[in-house]
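In case you want the letters, here they are:
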Amino acid sequence: MKLRGNRAVRRKMCQEDDLRVLVKFKEGSDINDVGLCALTYGLKKALGDIEMAKILRDGRLLIKCKNIGQRDKALKIQSVCKKEVGEVRKFGEWGTKGVISGIPLGEKLVELRKVIKGGTVVSVKRLQANRNGEKLDSTSVLLGFKEQVLPERVMIGYMSFYVREYVPPPIRCNKCQRYGHIAKVCKGKQRCGKCGGEHEYGKCSDRDERKCRNCGGDHTAAYGGCPVRKRAVEVQQIRTARNLSYAEAVKSVERDRKEGGAKGNPNAR
Ligand SMILES: [Zn+2]
Ligand SMILES: [Zn+2]
Ligand SMILES: [Zn+2]
């Protein structure tokens with residue numbers, strides 16, 4: 001599978017005439033609390049008539065402006081509907097994220113960051129892996145780069161590391177346990193992540209019962225080996241690789257499935 005296919009798209013996004021601006025809000029300022037009408041009014045008041053706006057799943061606000069003057073005004077925005085802006089940049093200037101593997105667990109990441117060559121590293125974070133329901137540190141490290149295009153490799157001293165595209169873990173609702181949305185927008189019933197029953201997590205009548213809400217198997221909803229989870233991971237991969245919406249990616253996975261092409265998870269090493 002072509003995981004690097006969206007790099008060309010990213011390159012296109014950082015062109016000067018890109019009228020899209022991405023706004024990240026300060027901690028505790030949730031733009032989802034504002035309401036769509038109030039948000040529309042607030043944006044119009046601050047920037048004038050814009051092309052469109054969208055709240056992304058990670059809580060950032062995407063604004064598409066009508067002209068460069070409006071975009072430059074948007075780039076200086078301090079607050080939206082009294083929600084304080086933490087950071088605002090052109091859509092294509094948020095950098096890229098890549099993963100390198102084989103970093104020993106004892107390695108100090110702060111020190112490592114200083115010596116990495118091959119890209120401008122702005123953040124380092126060790127990834128965790130789910131082993132039998134327990135989250136443990138892995139030898140994979142997530143690198144945030146300032147650049148728009150992910151480097152093929154980075155050097156740490158004499159050692160060379162292949163950089164692969166980061167695929168964020170799939171989102172699972174902690175109310176109904178289904179994949180693809182968060183509890184805040186959930187229309188489903190409360191389900192237990194342990195036994196799948198209609199109650200809060202762990203308030204089970206049978207303490208030992210494990211039944212997955214998604215596939216019916218004898219494991220918790222979070223289990224990494226769950227076939228439904230595996231499919232959700234595939235959807236994430238395809239979203240990242242082909243820059244698709246969640247719904248488009250689900251369709252694409254269904255299509256691939258019919259054609260018999262199952263794929264693995266590039267983050268899981
Ligand atoms: Zn839900
Ligand atoms: Zn339960
Ligand atoms: Zn399952």
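In case you missed it, the structure is sitting above this.
Source: prediction; values computed, not measured.

A. Summary view of the sheet that holds strand β12 (residues 164–165). Strand order across the open sheet formed by four strands is β8-β9-β6-β12, with antiparallel pairing between neighbours. The sheet is open, and its two borders are formed by β8 (121–131) and β12, each paired with just one other strand. Sheet analysis places β8 next to strand β9 (residues 134–145), joined by nine bridges and oriented antiparallel. Note on β9: the bridge partner recorded for Arg131 is Glu134.

B. Representation of helix α2 (residues 36–47) within the structure. The terminal C-alpha atoms of α2 lie 16 Å apart, and with 12 residues this matches the ideal 16 Å at 1.5 Å per residue to within 8%. By the burial criterion, the buried members of α2 are Leu39, Gly42, Leu43 and Leu47. Along the axis of α2, the buried residues cluster in a sector spanning 100 degrees; they form a single face. Exposed residues lying more than 90 degrees from the buried face of α2 are Cys37, Thr40, Tyr41, Lys44 and Lys45. Considering only its buried residues, α2 is in contact with β2 (52–55), β3 (61–64), α3 (68–74) and β4 (79–80). Where α2 terminates, the next one or two residues include Gly48, which has phi positive at roughly 90 degrees.

C. Molecular detail of the pairing of strand β5 (residues 83–90). Two elements, strand β1 (residues 20–25) and β5, share five bridges in a ladder whose sense is antiparallel. The residue bridging Val23 from the neighbouring strand is Val88, located in β5. Where β4 lies against β5, two bridges are found, and the strand directions are antiparallel. Bridge assignment links Ser79 to a residue of β5, and that residue is Glu84.

D. Spotlight on the sheet that holds β1. Spatially, the five strands line up as an open sheet ordered β2-β3-β1-β5-β4, and their pairing is antiparallel. Edge positions in the open sheet fall to β2 and β4, since each of these has one partner strand only. Two elements, β2 and β3, share four bridges in a ladder whose sense is antiparallel. If you follow Lys54 over to β3, its bridge partner there is Leu62. Running at roughly 50 degrees to β3, α2 makes contact with β2, β3 and β4 of the sheet.

E. Geometry of the coordination of the zinc ion (ligand 1). Protein coordination at the zinc ion (ligand 1) comes from Cys173 (SG), Cys176 (SG), His181 (NE2) and Cys186 (SG), with a distance range of 2.1 to 2.4 Å. Around the zinc ion (ligand 1) sit four donor atoms, and with donor-metal-donor angles ranging over 105 to 115 degrees the site reads as tetrahedral. Read in sequence order, the donor residues coordinating the zinc ion (ligand 1) give the pattern C-x2-C-x4-H-x4-C.

How each quantity is defined
- Residues numbered from 1 in each chain as written.
- Chains lettered and ligands numbered in written order.
- Predicted model: local features only at pLDDT ≥ 70, side-chain atom pairs only at ≥ 80, totals over all residues.
- Heavy atoms only, no water.
- Pairing = 2+ DSSP bridges.
- Helix = DSSP H or I, 4+ residues; strand = E, 2+ residues; numbered from the N terminus.
- Expected span 1.5 Å × (residues − 1).
- Buried < 20%, exposed > 50% of the residue type's maximum accessible area, 1.4 Å probe, protein only.
- Arc of directions from axis to C-beta.
- Contact = heavy atoms within 4.5 Å.
- Axes fitted to C-alpha atoms, helices over the stretch in contact; angles between N-to-C directions.
- Donors = N, O, S within 2.8 Å, 3.2 Å for Na, K, Ca; no water.
- Tetrahedral: all angles 85-135°; square planar, octahedral: opposite > 155°, others 65-115°.

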